[in-house]
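# Survey of secondary and tertiary structure
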Amino acid sequence: MRYATLMGAQLLVGAAAIFARYALGGAGPVAVTYLRLGIAAAIVVAVALVRSGSRKWLDRRRETMLALAGVALAVHFAGWIASLEFTSIAIATLLVSTSPIFIGIYEAITRRRAPGLSFMLAIASGGAGLILVVMQHAAPAPIPDHAILGAFLATLGAIGMSVYLTIVGSVRSDLDTLAIIARTYSWAAIVLAVLALVIHENPPPFADRSAWFGIIAMALISQLLGHTAMNVSLHWFTPATIGFSTLLEPVIAAALAAVIFHEGLAGTTLVGAVLLFVAIALAIRSQAQERGQESQRYFSILP
């Protein structure tokens, strides 16, 4: 069940790249993203209001932490989408998928313990696999001569996702998923709506059925089901492991594009996909080893 939830989350989130192709034909990227999050947030808030356990106010600390997680989610989406204007899809995809590295660095600092061998091998395998997957889709940026800015924005998107997963992982011990996503999706939607207002990005016309199909599909499938399943997976997996699982999103997007849009799927993509699966397996193994070590330390202090 736990592995099916984790992999299903990445399949649904990876499909967002396909839906975005329709949505971006009628509106700017920030407008598309705040509508995606806004629709999903409206649904989960409505459900939370019906469920008495999810509509209660939390203590100030956790409300603040979840608000910050929502802001981090907005940074992830805004940074990633904005980077596509200034650098190639390949570089942007590569950099925005580096969240496991930042999570690993944070955990190493807070735990004062260097990452284990399995984690380091997962980083190496995941990096090699990701390069093989994304580099075949290299294309010039719409706005040239700003590659450094594009790289910075994509990396900012990766940091945003790592902060989001870390915060949610730290506060979700006694909270249900609905209470968490009702807050984080809402805060992210608000931040992006304000940003869209500032940069004058409007929603697509109601007559643009293709764009609205893409937006609604992203909201219901990729956000409401995919990202929510990712939050559920934090019950069983560490933020670092969830971060590694997101490396599959470029593979899923490439495979769906090959089926739907008849785009070529190079052999290097298949090799890269294998390496990414290896990276995820190593990350799960690293998590299991850490839990085993923690159990040993616990029993060693018992009388």
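Model, not experiment: these values are computed from the prediction.

## Description of the packing of aromatic side chains
Inspection of every chain in the model, using the stated rule, returns three aromatic pairs. Ring centres 6.2 Å apart and planes at 90 degrees place the aromatic pair Phe19 and Phe213 in the edge-to-face group. Separated by 194 residues along the polypeptide, Phe19 in helix 2 (residues 16-23) and Phe213 in helix 11 (residues 209-233) bring together distant segments of the chain. What makes Phe19 buried here is its relative accessible area of 12%.

## Notes on a nonpolar patch on the surface
Nonpolar side chains collect at one region of the surface, where Trp187, Ile190, Val194, Leu195, Val198 and Ile199 lie side by side and expose about 530 Å² of accessible area between them. For Ile199, the position within the fold is in the loop between helix 10 (177-198) and helix 11.

## Brief notes about helix 5 (residues 60-83)
Taking 1.5 Å as the rise per residue, helix 5 with 24 residues should run 34 Å; its terminal C-alpha atoms sit 34 Å apart, in good agreement. Capping the start of helix 5, Asp59 holds a side-chain oxygen 3.2 Å from the backbone nitrogen of Arg61, two or three residues further along.

## Some remarks on the confidence of the model for the protein
Note that predicted coordinates carrying low pLDDT should not be read in detail. The predicted model of the protein has a mean per-residue pLDDT of 79, with 82% of residues at 70 or higher. Across residues 294-303 the pLDDT falls below 50, and counting only partners more than four positions away or on other chains, this stretch makes two contacts in the model.

Here is what the cut-offs are and how they apply
Residues numbered from 1 in each chain as written. Predicted model: local features only at pLDDT ≥ 70, side-chain atom pairs only at ≥ 80, totals over all residues. Heavy atoms only, no water. Phe/Tyr/Trp six-rings, centres within 6.5 Å; stacked < 30°, edge-to-face > 60°. Helix = DSSP H or I, 4+ residues; strand = E, 2+ residues; numbered from the N terminus. Buried < 20%, exposed > 50% of the residue type's maximum accessible area, 1.4 Å probe, protein only. Patch = residues over 30% accessible without salt bridge, like charges linked within 9 Å, V, L, I, M, F, W, Y side chains within 5 Å. Areas by Shrake-Rupley, 256 points an atom, 1.4 Å probe, with all protein chains shown as cover. Salt bridge = Lys/Arg side-chain N within 4 Å of Asp/Glu carboxyl O. Expected span 1.5 Å × (residues − 1). Polar contact = N/O pair within 3.5 Å; in protein donor to acceptor, adjacent residues only side chain to side chain. pLDDT = per-residue confidence, 0-100. Contact = heavy atoms within 4.5 Å.

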